[in-house]
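# Tertiary structure, described
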Amino acid sequence: MIQLMRQRIDAYIDGASRGNPGPSAVGIFIRESSGKDILRKGEFIGQTTNNVAEYTALIRALKHLNKLPKAKTADINVYSDSELLVKQLNGDYRIKSKNLIPLAIEARKLLKAYSYLKLNLINREQNKVADKMANKALDIEKEVEEFSRAAM
């Protein structure tokens, strides 16, 4: 009997803020398990806190994944170095900040769209590409994108 392997997609996210609150940006790096890049993107999001930037990065990444037909049936792993984000959305921490509650509600709605999605906490060293994209966008206060349409 042949067992089909489900495709895996990895999404790395990061939020960056210079000052808290201060100028902020998000970084997103999405790739297939084969190592093929789907998206490398940084977006300047204006003045906000680091925690809002982290949630915004997750929401933007989930919206990008939603555009990929293969994401609906793939095993998706989302990686973040934000302990607060991961532990709040995994139910380990309560969400106390009124600024984060609507973002958490939106993120949870988007998370439900996938048959398998796991939110993982990683260290900063493992999140270099998303961090780089967030900082590029923060440096120029604009969107930066490195995109491969072939993966779509």
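A quick note: this is a predicted structure, and the numbers were derived from the prediction, not measured.

Each value, and the rule that gives it
Counting from 1, residues in each chain are numbered in the order their sequence is written. For a predicted model such as this one, the threshold for reporting local features is a pLDDT of at least 70, and the threshold for listing and counting side-chain atom pairs is 80 or more; totals across whole chains, interfaces and linings nevertheless cover every residue. Excluding hydrogens and water, the side-chain values take into account all heavy atoms of the structure. What counts as a salt bridge is simple: a side-chain nitrogen of Lys or Arg found within 4 Å of a carboxyl oxygen of Asp or Glu. With a 1.4 Å probe rolled over the protein chains alone, any residue whose accessible area is under 20% of its type maximum counts as buried; one over 50% counts as exposed, and the rest are partly exposed. The predictor attaches a confidence to each residue, and that confidence, scored 0 to 100, is pLDDT. Put simply, DSSP H or I for four residues or longer makes a helix, DSSP E for two residues or longer makes a strand, and each gets a number counted from the N terminus. For the purposes of this section, nonpolar cores are sets of buried Ala, Val, Leu, Ile, Met, Phe, Trp, Tyr and Cys residues that join through side-chain atoms within 4.5 Å. Residues are treated as being in contact if the distance between any of their heavy atoms lies within 4.5 Å.

## Here's the deal with the pattern of salt bridges
Overall, the coordinates contain ten salt bridges when judged by the stated rule. The salt bridge involving Arg-40 is made with Asp-37; its shortest N-O contact spans 2.6 Å. Taking the relative accessible area as the measure of exposure, Arg-40 reaches 19% and is therefore buried. Asp-37 gets classed as partly exposed once you look at its relative accessible area, which sits at 25%. Ionic contacts of the salt-bridge type, sharing partners, join the residues Lys-41, Glu-43, Arg-60, Glu-143 and Glu-145 into one network.

## Structural notes on the confidence of the model for the protein chain
Here the protein chain averages 92 in pLDDT, while 93% of its residues score no lower than 70. For the protein chain, the element scoring lowest by mean pLDDT is strand S6 (residues 144–147), at 79; helix H2 (residues 83–89) scores highest, at 98.

## What about the nonpolar core?
Ile-9, Ile-30, Tyr-55, Leu-58, Leu-65, Ile-76 and Leu-89 are the most contacted members of the largest nonpolar core, which has 33 residues in total. When contributions to this core are tallied by element, the ones reaching two or more residues are strand S1 (8–17), strand S2 (22–32), strand S3 (37–48), helix H1 (50–66), strand S4 (75–80), H2 and helix H3 (101–111). Among the elements that take part in this core, H1 stands out by supplying eight residues, more than any other. Residues contacting Ile-76, with those up to four places away along its chain left out, are Ile-9, Leu-65, Ala-71, Tyr-114, Tyr-116, Leu-117 and Lys-118. By size, the runner-up hydrophobic cluster in this structure holds seven residues, among which are Ala-25, Met-133, Ala-134 and Leu-138.

## A closer look at the environment of Pro-23
Mapped onto the secondary structure, Pro-23 falls in strand S2. Here Pro-23 falls in the partly exposed class, since its relative accessible area comes to 24%. Separated by 24 residues in sequence, Pro-23 and Gln-47 have C-alpha atoms that sit 4.5 Å apart. Once you skip the residues sitting within four places of it in the chain, Pro-23 turns out to touch Ala-16, Ser-17, Arg-18, Phe-44, Gly-46, Gln-47, Leu-138 and Glu-141.

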